[in-house]
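Chain by chain, the residues:
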Amino acid sequence: MLKCKESQPKASCCSRSWIKNNISESDRRIKERELIKLNQDFQRMQREINEDLNARRNEELAGLQERVNLAIRTVAEGEKLDLVVQDAVYRNPKIDVTDKVLKLLVDK
């Protein structure tokens, strides 16, 4: 008689045992190969989806960067600024145009 572990559902234990006992070795190997192939196909599709997602994300970020740069240029030209620094260690709030650029982006 078949003995299942207490923590294991009987249906799960019995079905695996039934498969082990009622499937020929060649059929089992065929099923294993099919499972390996399905797993490889799944991983390939997952990689393709991730690549597509990354490409789409990069396209969107590039478009956003263009909009931001245009807004910065518009504010800089409107205020007759000679230089706009995007990453600064320190900036005086009197010359910070971040809020103006953000407002321009939101208004568009």
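Residues numbered from 1 in each chain as written. Predicted model: local features only at pLDDT ≥ 70, side-chain atom pairs only at ≥ 80, totals over all residues. Heavy atoms only, no water.

Asks: I would appreciate a short explanation of the pattern of salt bridges in the present structure.
Replies: Side chains that carry opposite charge are capable of pairing whenever their charged atoms lie near each other. On inspection of all chains with the given rule, the structure shows twelve salt bridges. In this structure, the salt-bridge partner of Glu 25 is Arg 28, at a minimum N-O distance of 2.3 Å. Of the two residues, Glu 25 and Arg 28 both sit in helix H2 (residues 25-78), three residues apart, roughly one turn of that helix. Of the residues examined, Glu 25 reaches a relative accessible area of 41% and is grouped as partly exposed. For Arg 28, a relative accessible area of 32% puts it in the partly exposed group. (Salt bridge = Lys/Arg side-chain N within 4 Å of Asp/Glu carboxyl O. Helix = DSSP H or I, 4+ residues; strand = E, 2+ residues; numbered from the N terminus. Buried < 20%, exposed > 50% of the residue type's maximum accessible area, 1.4 Å probe, protein only.)

Asks: Hey, could you run me through H2 in this one?
Replies: Since one α-helical turn is 3.6 residues long, residues separated by three or four positions face the same way. Here H2 spans 79 Å end to end across 54 residues, near enough to the 80 Å set by a 1.5 Å rise per residue. On its buried side, H2 packs onto helix H3 (98-107). Phi for Lys 80, located one or two positions after H2, is positive at around 55°. (Expected span 1.5 Å × (residues − 1). Contact = heavy atoms within 4.5 Å.)

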